[in-house]
Amino acid sequence: MSSPVSYQLEDTIGVISIDSPPVNALSHAVRQGLLDAINAAQNDASEAVVIVCAGRTFIAGADITEFGKPLKDPWLPDLLNTIEASAKLVVAALHGTALGGGFETALAAHYRCAAPGAKIGFPEVHLGLLPGAGGTQRTPRLAGVQAALDLITSGTPIAAGEAQEIGLIDKIIDGDLRAGAIAWARELVASGAKIRRSSEQDVPEFDHAIFDVYRSKLARRARGQVAPDHIVACIEAAATMTFEDGMAKERELFMACMDSSQSAAMRHLFFAERLAAKVDGLAKDTPQRPIKSIGIIGGGTMGGGIAMSFANAGIPVTMIEISEEALERGLAIVDKNYAGSVKRGKLTQEQAAKCRALIVGSVDYASLADVDLVIEAVFEDPELKKKIFAKLDKACKAGAILATNTSYQDVDAIAAATGRPEDVIGMHFFSPAHIMKLLEVVRGKKTADDVLATVMALAKKIRKVPVVSGVCYGFIGNRMLSPYGKTAQLLLLEGASPQQVDNAMEAWGMAMGPLRVFDLAGLDIGYKAREALSDDEKGDPKSYRVPDLLVEMGRLGQKSGAGFYHYDDARKPTPDSAVQEIIDQVASELGVDRRTVTDEEIVARLIGALIDEGKKIVAEGIAQRSGDIDVVYVYGYGFPAARGGPMFYGANRG
Ligand code: 3H9
């Protein structure tokens, strides 16, 4: 088999080219090829060596598919030490995304140049890992302790320009990167530039208190995850030990991460997310419809957030409301959200203004005549939705995709209100829609393949993580929420308090406990939904009697200042004895024996409820695979990534 790494002498420069699609990951073959090439360069007429990659990116990291398998030499840290030790000057030329082990390779080179659009970073923390090939040791030596802590603990890549400012890249090359890098290597040699090894540089001055500051910051942010804490320990080692001792520390903690259940869970999610974007039975070359502009029906919180998601990706949006007044309110929410994005540093003032300018409002469906996709985002009234779709059928051009953002309703029934059910699909965004990454794509019985393919690709364009769901009440995520919520109610009647249930789930890793979630969403939503059901359909009163009584007392959740908790002006929940009285009263009316419920039981029963429903969803073909459910729960429902999603957790717990 030919090597993915080639080496050739171009005049006085040895050029090492890596060509290993899709992302030039450091597989065993790439590592071996790199080792052979750097060794070859030591004994030929080259004066300097350039490492460059073919295809869409420089090396995007270690090959994650090899993780968990026996290690095969050359191991990356040793290979990179060999590259750094080269007696010939080494230049790395970066384009695309130089990530993880990829950027560590660049750090082992003596000089680094990059294309203007390149990005560098250490995403290992998102895999429950830390950079294990010298990244924690070389980065602080070049960029300082604080920059290293920020870059490596956040996992967020930075642009080449910023990397140059902090000393991680030496030169930005416009135009042909390969030719530019070779020319620069020649210049370096001609000017007598020294072989500059990152490992031999001193870490710039720093304040020793910084490590504890990051430790406590990360304890709050990355609740329960081990990798961030280990990253801090490695950078502290870089700043206080020799390079060799620091490398030994890095190796020890990298292996601890690699062997952890957290990393196994997060690696599962990495591949599950990518698999979720693939639709079984849908050919890769299914044609897609061009989407150049979109319409949104409804300027509420959801409609506004969806509009921003598209505008942020450069796609113009027309937002429709029923009156000028409502439209003004809707656009004001968008303005407020953009101001928030600027304040949080997510967008510059200029970027925000540019995106905002792509959103226009109208009260006339005729304004949608030319758009390629319309997303209906009005409240959950099935009759209203059907009326809107009948109107869209008339107003929109042939071939326009008509999508509903419904969280629960029957997409097939909505499609039947049009004369073109094949153009209809569900696009279920999660609130706040401009921030939450999950998009449930609901495939109706008649949804055309090209409509599905278009929406899946579009999701990626607007930086969402799409998961396909079949049609059922609540689709994947909300359907699972139903037995989860019912179990939470049973736990209250059996003896747990709302705060015990919520605290147990949050301590286990959920972003928010179930009762706090219901208070946030509004208890009246479930109440209204139940009003439409017969007693039989409602099921066991133990699962809804308490929230019904709370709603009847005017306790609708956060928005009314009280639900399962009392809320102050800052929306901080405090336990409320009135709620406990209701729980006691309902338990006695329904004859439930009260007992001590442990935190372990709370977690086991609630997560068990999710897993049981998830299994049914897979068995019925509503979800394509159990990994899709994990993606839904981690990206849409605050399930801890370090536990891999409910189905992964269940499978590993037997
Ligand atoms: C590391 O480096 C550890 C070291 O510090 C220490 C070692 C000792 N390996 O995302 P896409 C596949 S840890 C294997 O759809 P995009 C991916 O599965 C690593 N495969 O493309 C997919 O396959 P398929 C640190 C990989 O353009 C295909 O490539 N690095 C890897 O949207 C396309 O991927 C990272 O964590 C990999 N490293 O985004 C970077 N990366 O077509 C992880 C990708 O069969 N990668 N694949 O579904 C990414 O963030 C994105 O893939 C990237 C491209 C931004 C590069």
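Residues numbered from 1 in each chain as written. Predicted model: local features only at pLDDT ≥ 70, side-chain atom pairs only at ≥ 80, totals over all residues. Heavy atoms only, no water.

**Brief notes about the environment of I291**
Here is step 1 of the chain: Here I291 is to be found in the loop between α11 (261–276) and β10 (294–297).
Here is step 2 of the chain: Ignoring sequence-local partners within four residues, the contact set of I291 consists of D372, L373, I401, T454 and L458. (Helix = DSSP H or I, 4+ residues; strand = E, 2+ residues; numbered from the N terminus. Contact = heavy atoms within 4.5 Å.)

**Topic: the site of the ligand**
Here is step 1 of the chain: Neighbouring the ligand are 26 residues; G101, E104, E124, R274 and K278 lie closest to it.
Here is step 2 of the chain: Between the ligand and I64 there is a distance of 2.9 Å, counted from a nitrogen atom to a backbone nitrogen or oxygen.
Here is step 3 of the chain: Between an oxygen atom of the ligand and a side-chain N or O atom of E104, the distance comes to 2.7 Å.
Here is step 4 of the chain: Compared with its free state, where it exposes 1,000 Å², the ligand has 77% of that area covered by protein.
Here is step 5 of the chain: Of all elements in the fold, only β5 (97–99), α3 (101–108) and α11 reach the threshold of two or more residues within the shell around the ligand.
Here is step 6 of the chain: Element by element, the count of residues in the shell around the ligand is highest for α11, at three residues.
Here is step 7 of the chain: Taken together, the residues of the shell around the ligand sort by class into 14 nonpolar, five polar and seven charged. (Near = heavy atom within 4 Å. Polar contact = N/O pair within 3.5 Å; in protein donor to acceptor, adjacent residues only side chain to side chain. Areas by Shrake-Rupley, 256 points an atom, 1.4 Å probe, with all protein chains shown as cover. Nonpolar A, V, L, I, M, F, W, Y, C, P; charged D, E, K, R; others polar.)

**A look at the packing of aromatic side chains**
Here is step 1 of the chain: Across all of its chains, the model carries twelve aromatic pairs by this definition.
Here is step 2 of the chain: With centroids separated by 5.8 Å and ring planes inclined at 70°, the aromatic side chains of F206 and F211 adopt a geometry described as edge-to-face.
Here is step 3 of the chain: Classification of F206 as partly exposed rests on a relative accessible area of 22%.
Here is step 4 of the chain: Residue classification places F211 among the buried positions, given a relative accessible area of 1%.
Here is step 5 of the chain: Cluster of aromatic residues (ring-pair linked, three or more members): F430, Y633 and Y637.
Here is step 6 of the chain: Above the face of the Y365 ring, K391 is positioned so that its terminal group lies 4.1 Å from the ring centre. (Phe/Tyr/Trp six-rings, centres within 6.5 Å; stacked < 30°, edge-to-face > 60°. Buried < 20%, exposed > 50% of the residue type's maximum accessible area, 1.4 Å probe, protein only. Lys NZ or Arg CZ within 6 Å of the ring centre and 35° of its normal.)

**Description of the domain arrangement of the protein**
Here is step 1 of the chain: As far as domains go, the protein holds domain 1 (5–259), domain 2 (294–469) and domain 3 (477–621).
Here is step 2 of the chain: Taking only C-alpha atoms, the centre of domain 2 and the centre of domain 3 are 31 Å apart. (Domains from an automatic or database assignment.)

**Here we look at the sheet that holds strand β7 (residues 119–121)**
Here is step 1 of the chain: What the three strands build is an open sheet, ordered β5-β7-β8; its pairing is mixed. Two strands bound the open sheet, and with one partner strand each, they are β5 and β8 (158–159).
Here is step 2 of the chain: With three bridges joining them, β5 and β7 adopt parallel strand pairing. By the bridge assignment for β7, T97 is matched with K119.
Here is step 3 of the chain: On the sheet, α3 packs against β5 and β7 and is oriented at approximately 85° with respect to β5. (Pairing = 2+ DSSP bridges. Axes fitted to C-alpha atoms, helices over the stretch in contact; angles between N-to-C directions.)

**A few points about the pattern of salt bridges**
Here is step 1 of the chain: According to the stated counting rule, one finds 37 salt bridges in the structure shown.
Here is step 2 of the chain: Residue K559 pairs with D524 through a salt bridge whose shortest N-O separation is 2.9 Å. Linking K559 in the loop between α23 (545–552) and β18 (566–567) with D524 in helix α21 (residues 523–531), this pair joins segments that are 35 residues apart in sequence.
Here is step 3 of the chain: Exposure remark for D524: the relative accessible area of 12% places this residue in the buried category. (Salt bridge = Lys/Arg side-chain N within 4 Å of Asp/Glu carboxyl O.)

**Thoughts on the layout of surface pockets**
Here is step 1 of the chain: Size it by volume and the second largest pocket reaches roughly 240 Å³.
Here is step 2 of the chain: The wall of the second largest pocket is formed by T301, G305, I333, K336, N337, G340, R344, P432, A433, H434 and I435.
Here is step 3 of the chain: Elements represented by at least two residues in the lining of the second largest pocket include exactly α12 (301–312) and α13 (324–343).
Here is step 4 of the chain: It is α13 that contributes the most residues to the lining of the second largest pocket, four residues altogether.
Here is step 5 of the chain: Considered class by class, the residues forming the lining of the second largest pocket number four nonpolar, five polar and two charged. (1 Å grid on protein atoms, 1.4 Å probe; cavity = no way out; pocket = protein on both sides within 12 Å on 5 of 7 lines; lining within 4 Å. Points joined across faces, edges and corners; volume = space filled by probe spheres on them.)

**Brief notes about unusual backbone geometry**
Here is step 1 of the chain: A cis amide bond, omega 0°, links D73 with the succeeding residue P74.
Here is step 2 of the chain: Structurally, P74 can be placed in the loop between β3 (48–53) and α2 (76–84).
Here is step 3 of the chain: Unlike most non-glycine residues, D11 shows phi in positive territory, near 60°.
Here is step 4 of the chain: Locating D11 in the fold gives a position in the loop between β1 (5–10) and β2 (13–18).
Here is step 5 of the chain: D11 sits in the exposed class, given a relative accessible area of 60%.
Here is step 6 of the chain: Of note in the backbone geometry, F475 takes a positive phi value of approximately 55° without being a glycine.

**Some remarks on α3**
Here is step 1 of the chain: Counted residue by residue, α3 has eight buried out of eight residues, so it is predominantly covered.
Here is step 2 of the chain: Residues G101, G102, F103, E104, T105, A106, L107 and A108 constitute the buried set of α3.
Here is step 3 of the chain: The inward-facing, buried residues of α3 abut α2, β4 (89–94), β5, β6 (111–114), β7 and α4 (135–143).

**Some thoughts on the side chain of T318**
Here is step 1 of the chain: Mapped onto the fold, T318 is located in strand β11 (residues 317–320).
Here is step 2 of the chain: When its relative accessible area of 13% is taken as the criterion, T318 is described as buried.
Here is step 3 of the chain: If we skip the residues at most four places from it in the chain, T318 touches I294, G295, I296, V360, S362, S367 and L368.

**Here we look at the environment of A642**
Here is step 1 of the chain: Assignment of secondary structure puts A642 in the loop between α26 (626–636) and α27 (646–653).
Here is step 2 of the chain: When the C-alpha positions of A642 and Q225 are compared, they lie 6.8 Å apart, and in sequence the two are 417 residues distant.
Here is step 3 of the chain: In this structure, A642 is in contact with Q225, S261, Q262, A265 and M266, ignoring residues within four places of it in sequence.

**Examining the side chain of K385**
Here is step 1 of the chain: Mapped onto the elements, K385 comes out in helix α15 (residues 382–395).
Here is step 2 of the chain: Accessibility expressed as a relative area gives 0% for K385, which makes it buried.
Here is step 3 of the chain: Engagement of the side chain of K385 in a polar contact is seen with the backbone oxygen of V378, the distance being 3.1 Å.
Here is step 4 of the chain: If we skip the residues at most four places from it in the chain, K385 touches E376, V378, F379, E380, T404, T406, Q409 and I414.

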